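# Tertiary structure, described
Single-letter residue listing:
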Amino acid sequence: MPLAKAKAGKKPAAKSAKPLKAKPLSKPAKTGAQKSGYNPVAPERVKDILNRLDQRYPGVTCALHHKSAWELLVATILSAQCTDVRVNMVTPVLFQKYPTPQDFAALQPEQLEPDIRSTGFFRNKSKSLVGAAKGVVERFGGQVPTDMDQLLSLPGVARKTANVVLGTWFRKAVGVVVDTHVHRISRRLELTRGDDPKQIEQDLMKIIPQEKWIDFSHQIIHHGRALCVARKPKCAECPLENLCHAADKTWSTVEIHRAAKP
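This is a predicted model, so every value here is computed, not measured.

Helix and strand content of the protein chain: 12 helices and 0 strands. For the protein chain, the sequential pattern of α-helices and β-strands runs α-α-α-α-α-α-α-α-α-α-α-α. Of all 262 residues assigned to the protein chain, the portion counted as buried reaches 45%. If you take every contact in the protein chain between residues at least 6 apart in sequence, the share linking residues at least 24 apart comes to 55%. Summed over all atoms, the accessible surface of the protein chain reaches about 15,800 Å², with 55% contributed by carbon and sulfur.

Here you go:
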């Protein structure tokens, strides 16, 4: 008897594939500082830093010797990549030889080079000084301008130099001086994460009251020379020690933060 043919069964319908759900990215583990709600730019912390600086460095001012806005402008230009001590050794003879902006403006840069050679980068500085003098004489009647934009129009004058002159001589708080000390210490104190002087200045201007901009710069510069030096800072002597979590501290009573470094 012939075998009956088996009926072909229907194939089960293919199930539609369910879309895969994207897994959320794993969050990085919080640091101890984050867990405790630590905020390095909290107004209370910034105020504490400013108060301690006031107590440690009362009445500080610019270390560059000067008797006029012009002398301060010259000294500040010379201070680039040079110590204030060296500049203060050079400027008395320089100002005796060339007392006014008009005297500087009458020079060729090459004539000025021997007088400022010891400050370094003397060729560029000579060009800047003569150019700045000509700008002051020809465009501003022989007077150093009191406006930021006008100062910045002079050769050799960037924001740091302009802030020094405006703040120290004219007592105009229009910015924060960011030199190597302010750059280093502001990052150590976690007041900024910026590495560009312009960004650091903007960060500091947001958290420091404007009436403290001038004194803050002078105090931090003095602090950077006396205690918070670039290598092996003297943390055990520092009035800000228990507010500072810098990664390169030489002695600490508080938690160290890896990101807090110059």
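Let us now look at the layout of surface pockets. Space inside the largest pocket adds up to approximately 560 Å³. Going through the elements one at a time, α9 (159–168), α10 (180–188) and α12 (213–226) are the ones with two or more residues in the lining of the largest pocket. With 4 residues, the single largest contributor to the lining of the largest pocket is α12.

Moving on, we get to the environment of D179. Note on placement: D179 falls in the loop between α9 and α10. On the accessibility criterion, D179 (13% relative accessible area) is buried. A sequence separation of 19 residues divides D179 from K160, and the C-alpha atoms of the two residues are 7.0 Å apart. D179 has contacts with K160 and I221, leaving out every residue within four places of it along the chain. Here H181 takes part through its backbone nitrogen, which lies 3.1 Å from a polar atom of the side chain of D179.

With that settled, consider the pattern of salt bridges. If you walk through the whole model with that rule in mind, you get 8 salt bridges. Note that R225 is salt-bridged to D84, the shortest N-O span being 2.4 Å. With a gap of 141 residues between them, R225 in helix α12 and D84 in helix α4 (residues 84–97) connect regions that are remote in the sequence. Accessibility expressed as a relative area gives 15% for D84, which makes it buried.

A few words now on the side chain of H181. By secondary structure assignment, the location of H181 is in helix α10. Separated by 3.1 Å, the side chains of H181 and R184 make a polar contact. With near-sequence residues (within four places) excluded, H181 lies in contact with I220, I221, G224 and R225.

Okay, unusual backbone geometry next. A positive phi angle, near 55°, is found at Q81, a position not held by glycine. Here Q81 lies in the loop between α3 (69–78) and α4. Under the relative-accessibility criterion, Q81 is labelled exposed at 67%. With a phi angle near 55°, R171 is a residue other than glycine that sits in the positive phi range. Relative to the helices and strands, R171 resides in the loop between α9 and α10.

Position of P209 relative to the elements: it lies in the loop between α11 (197–207) and α12. Residue class for P209 comes out partly exposed when judged on its relative accessible area of 33%. Between the C-alpha atoms of P209 and K47, which are 162 residues apart in sequence, the distance is 9.2 Å.

Looking now at the packing of aromatic side chains. One pass over the structure, following the stated rule, counts 2 aromatic pairs. Aromatic side chains W70 and F104 sit 5.4 Å apart centroid to centroid with 75° between the ring planes, which places their arrangement in the edge-to-face category. Taken as a pair, W70 in helix α3 and F104 in helix α5 (residues 101–105) lie far apart in primary sequence, 34 residues in all. In terms of burial, W70 and F104 fall into one category: buried.

Cut-offs applied
Per chain, residues are indexed from 1 in the order of the written sequence. Reporting in this predicted model follows two pLDDT cut-offs: at least 70 for local features of residues, and 80 or more for side-chain atom pairs to be given and counted; totals over whole chains, interfaces and linings ignore these cut-offs and use all residues. Values reported for side chains reflect all heavy atoms of the structure, with hydrogen atoms and water molecules removed beforehand. Helical segments are the DSSP runs of H or I of at least four residues, strand segments are the runs of E of at least two, and each set is numbered from the N terminus. Think of it in three bands: with a 1.4 Å probe and only protein chains considered, a residue is buried below 20% of the maximum accessible area for its type, exposed above 50%, and partly exposed in between. Only heavy atoms enter the contact rule, under which two residues are in contact if any of them lie within 4.5 Å. Every accessible area reported is derived by Shrake-Rupley at a probe size of 1.4 Å, with residue values counting cover from the shown protein chains alone. A pocket, in this scheme, is an open set of points on a 1 Å grid over the protein atoms alone with protein on both sides within 12 Å along at least 5 of 7 lines, while a cavity is a set where a 1.4 Å probe fits but cannot get out; residues line either one if an atom lies within 4 Å of a point. Grid points are joined across faces, edges and corners, and a volume is the space filled by probe spheres set on the points. The definition of a polar contact used here is a pair of N or O atoms within 3.5 Å, where within protein one atom must be able to donate a hydrogen and the other to accept one, and adjacent residues in sequence count solely through side-chain atom pairs. Throughout this description, the term salt bridge denotes a Lys or Arg side-chain nitrogen within 4 Å of a carboxyl oxygen of Asp or Glu. Centre distance within 6.5 Å is the pairing criterion for rings of Phe, Tyr and Trp, where only the six-membered ring of Trp is used; planes under 30 degrees apart are then read as stacked, over 60 as edge-to-face, and the remainder as tilted.

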